[in-house]
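Now for the letters of each chain:
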Amino acid sequence: MLRPLSKPPSPEVVKVSLKDCLACSGCITSAETVMLEKQCLEEFLSHINPEKAVIVSVSPQSRASLATYFDLSPAQVFRKLTTFFKSLGVKAVYDTSCSRDISLVESCNEFISRHKHHIAGDEESVSNLPMISSACPGWICYAEKTLGSFILPYISSVKSPQQVMGAILKHHISKKMGYSPDKIFHVTVMPCYDKKLEAARDDFVFSVDHGGENYPVDDFSAMKIPEVDIVLTTGEVLDLIKLKSIDFKALVEDPPDRLLTNVDDNGLFYGVSGGSGGYAETIFRYAAKNLFNRDIEGPLQFRIIRNSDFQEVALEVDGKVVLRFALCYGFRNLRNVVQKISKGKSDYHFLEIMACPSGCLNGGGQIKPAAGQSATNLIQQLGNVYMQDVLIASPFENPIVKTLYAEWLEQPGSEKARTYTRTQYHPVVKSIASELHNW
Ligand code: SF4
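Notes on the structure in this doc start here. (Residues numbered from 1 in each chain as written. Predicted model: local features only at pLDDT ≥ 70, side-chain atom pairs only at ≥ 80, totals over all residues. Heavy atoms only, no water.)

1. Overview of the environment of Lys 91
Inspection of the secondary structure assignment puts Lys 91 in the loop between helix H4 (74-88) and strand S2 (92-95). Side-chain polar atoms of Lys 91 contact the side chain of Tyr 179, separated by 3.5 Å. (Helix = DSSP H or I, 4+ residues; strand = E, 2+ residues; numbered from the N terminus. Polar contact = N/O pair within 3.5 Å; in protein donor to acceptor, adjacent residues only side chain to side chain.)

2. Looking at the packing of helix H5 (residues 97-119) against helix H14 (residues 399-409)
At a minimum axis separation of 9 Å, H5 and H14 run at an interaxial angle of 70 degrees. Classified by the angle between their axes, H5 and H14 sit roughly perpendicular to one another. The hand of the H5/H14 crossing is right-handed. For the pair H5 and H14, the contacting residues are Cys 98, Asp 101, Ile 102, Val 105 and Glu 106 in the first and Ile 400, Val 401, Leu 404, Tyr 405 and Leu 409 in the second. (Axes fitted to C-alpha atoms, helices over the stretch in contact; angles between N-to-C directions. Parallel < 35°, antiparallel > 145°, perpendicular 65-115°, else oblique. Left-handed = near helix turned anticlockwise from the far one by under 90°. Contact = heavy atoms within 4.5 Å.)

3. Topic: H14
All of the buried residues along H14 are Ile 400, Val 401, Leu 404, Tyr 405, Trp 408 and Leu 409. The buried residues of H14 all sit within an arc of 140 degrees when viewed along its axis, so they share a single face. Looking one or two residues past H14, Glu 410 carries a phi angle of roughly 75 degrees, positive in sign. (Buried < 20%, exposed > 50% of the residue type's maximum accessible area, 1.4 Å probe, protein only. Arc of directions from axis to C-beta.)

4. Observations concerning the site of the ligand
If you check the shell around the ligand, you find Cys 136, Pro 137, Cys 192, Asp 194, Met 354, Ala 355, Cys 356, Cys 360 and Gly 363 and nothing else. Of the residues that constitute the shell around the ligand, the class distribution is seven nonpolar, one polar and one charged. (Near = heavy atom within 4 Å. Nonpolar A, V, L, I, M, F, W, Y, C, P; charged D, E, K, R; others polar.)

5. Some thoughts on the nonpolar core
Phe 111, Ile 132, Trp 139, Ile 151, Leu 323 and Phe 325 are the most contacted members of the largest nonpolar core, which totals 48 residues. Contributions of two or more residues to this core are made by H5, strand S3 (131-132), helix H7 (137-147), helix H11 (279-292), strand S11 (310-317), strand S12 (320-329), helix H12 (331-342) and strand S13 (350-354). With seven residues, S12 is the largest single contributor of residues to this core. Apart from residues no more than four positions distant in its own chain, Leu 323 is found in contact with Phe 111, His 115, Phe 284, Ala 287, Ala 288, Phe 292, Val 313, Ala 314, Leu 315 and His 349. The next biggest cluster of nonpolar side chains, apart from the first, holds 37 residues, and it includes Phe 85, Leu 232, Phe 248 and Phe 269. (Core = buried A, V, L, I, M, F, W, Y, C linked by side-chain atoms within 4.5 Å.)

6. Points about the packing of aromatic side chains
On inspection of all chains with the given rule, the structure shows 13 aromatic pairs. Here the aromatic residues Phe 111, Phe 284, Phe 325 and Phe 350 are joined through ring pairs into a cluster of three or more. The ring of Phe 269 has Arg 63 lying over it, and the distance from NZ or CZ to the ring centre is 3.9 Å. (Phe/Tyr/Trp six-rings, centres within 6.5 Å; stacked < 30°, edge-to-face > 60°. Lys NZ or Arg CZ within 6 Å of the ring centre and 35° of its normal.)

7. Some points on the environment of Asp 295
Locating Asp 295 in the fold gives a position in the loop between H11 and strand S10 (303-304). Owing to a relative accessible area of 53%, Asp 295 belongs among the exposed residues under this scheme. Along the sequence, Asp 295 and Arg 285 sit 10 residues apart, while their C-alpha atoms lie 7.3 Å from each other. Here Lys 289 takes part through its side chain, which lies 3.4 Å from a polar atom of the side chain of Asp 295.

8. With respect to the side chain of Thr 234
Tracing the backbone through its elements, the reader meets Thr 234 in helix H10 (residues 234-243). Separated by 2.6 Å, the side chains of Thr 234 and Gln 366 make a polar contact. In contact with Thr 234, other than residues within four places in its own chain, are Ser 62, Ser 65, Leu 66, Val 189, Met 190, Pro 191, Gly 365, Gln 366 and Ile 367.

9. Looking at the pairing of strand S5 (residues 205-208)
Because side chains alternate across S5, one face comprises the buried residues Val 205 and Ser 207, and the other comprises Phe 206 and Val 208, equally buried. Judged from the three bridges that link them, S5 and strand S7 (residues 224-226) form a sheet pairing that is antiparallel. Paired with Val 205 across the two strands is Pro 226, which belongs to S7. (Pairing = 2+ DSSP bridges.)

10. Some thoughts on the pattern of salt bridges
A complete count under the given rule lists 21 salt bridges for this structure. For Glu 236, the salt bridge identified is with Lys 196, shortest N-O distance 2.9 Å. On the criterion of sequence distance, the pair formed by Glu 236 in helix H10 and Lys 196 in helix H9 (residues 194-199) is long-range, its members being 40 residues apart. Glu 236 gets classed as buried once you look at its relative accessible area, which sits at 9%. The class of Lys 196 is buried, set by a relative accessible area of 1%. Asp 295 is the partner of Lys 289 in a salt bridge, and the nearest nitrogen-oxygen pair spans 3.4 Å. (Salt bridge = Lys/Arg side-chain N within 4 Å of Asp/Glu carboxyl O.)

11. Considering the sheet that holds S11
Through backbone hydrogen bonds, the strands of a sheet pair up, either in parallel or in antiparallel fashion. Taken in spatial order, the five strands make up an open sheet running S3-S13-S12-S11-S10, and their pairing is mixed. The outermost strands of the open sheet, each flanked by one partner alone, are S3 and S10. Where S12 and S13 come together, five bridges link them in parallel fashion. Looking across to S13, one finds that Ala 326 is bridged to Leu 351.

12. Looking at the sheet that holds strand S4 (residues 184-190)
Spatially, the four strands line up as an open sheet ordered S2-S1-S4-S8, and their pairing is parallel. Of all strands in the sheet, those bounded by a partner on one side alone are S2 and strand S8 (230-233). If you compare each strand with its neighbour and ignore which way they point, the axes differ by 25 degrees on average. Alignment of strand S1 (residues 53-58) against S2, held across four bridges, turns out to be parallel. Looking at the pairing, Val 58 lines up with Asp 95 of S2. Running over the sheet, helix H3 (residues 60-70) touches S1, S2 and S4 and is turned about 75 degrees from S1. Where H10 meets the sheet, it contacts S4 and S8, and its direction lies at approximately 80 degrees from that of S8.

13. Some points on the packing of helix H8 (residues 161-177) against H14
In helix packing, the relevant descriptors are the interaxial angle and the interaxial distance, both defined with respect to the helix axes. Remark: H8 packs on H14, axes separated minimally by 12 Å, with the N-to-C direction vectors making an angle of 75 degrees. Accordingly, the angle class assigned to the pair H8 and H14 is roughly perpendicular. Every residue of H14 that contacts H8 at Ala 167, Ile 168, His 171, His 172 and Lys 176 is listed here: Leu 404, Glu 407 and Trp 408. For the contact of H8 with H14, the class distribution of residues is four nonpolar, two polar and two charged.

Here it is, written out as structure tokens:
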């Protein structure tokens, strides 16, 4: 039954914009017209010209999806993608695990700071726990639109790996490459459509002055430059391969661009456990060591709570739980956990919240199961492939991360690191379009 609007509708035409999309991947079609206009294969191809340096950043989840589809190893896929994109005129192809590792390092730093302020009983703005991961734009959009100001202070201020990659490229590497940021056209390959929404956020646009220094866009009226120009989903990259009639499996394998690709001398990618970025796992280990002087060897023992999409791990010291972290995937689980926070009944210190059931490997932009294959079977396969060709290492030990801090960000949590790797969130005032959504 239709529910009447509380106020008579405005006589103006109602426009549905990017900001009216719930971005849960379930209703992504409500914004697809706008997204496809601005972030599609045609737009990508149109920017490959002598005026611009086109740089493609590939997520490890997309690498795993293409590897599964083509029955190749993830390292082979990455090298073949390098060959493929460069044959189109792309300047460089990078793996986003270096930006994920910076995002993880900054998240560790932020967690320790919040925890210390929490124990000291400091004001809420610096001490809110549980800290909630911020890498999933589906979750962020839901929090801003539906939950609003109460939940936002709990969300980590650290940018997602996609946006940290944009910051690295346009604020730092551009200078090393000899390009002004507006001459770099940055394309990411991601497992979901929601990443297109993330790239379009005003918070991820900056401006450049004539001396070449970069500023937040509010400070300067010059040209607006996005950190990420276009997001292509894994499925769209597969469409591009088919469009170009390429025999992908037969492509030669170019060496990775090692300036920003986290690959060791044996061709292994630096990685962490966790198909959605490994936030809970990495911060848990770091906090155990840095707050309680406990080294955690071997895999973390997550305990299933309600279902496989809601698992928790705890650290006990002298019989008392001192850290309790959870993975919370899918809207059903995240609604429950958020409700507990709102009632002051949550005893978690950290929550890795992801909008998709099973997390990012199961994103809406990934390649669909083959004919006759179940979604569950594909997820299991992706989970195994994701960890192939990976050297599990602490993000703090990653050589590229160390170089980026030494050359540019100074140290975790420094003012410079905060300028380029942190963001903020905004409660969204409901529009007529969103009221219509609730009919
Ligand atoms: S869980 Fe991952 S794939 Fe799904 S919407 Fe969030 S970021 Fe995208």
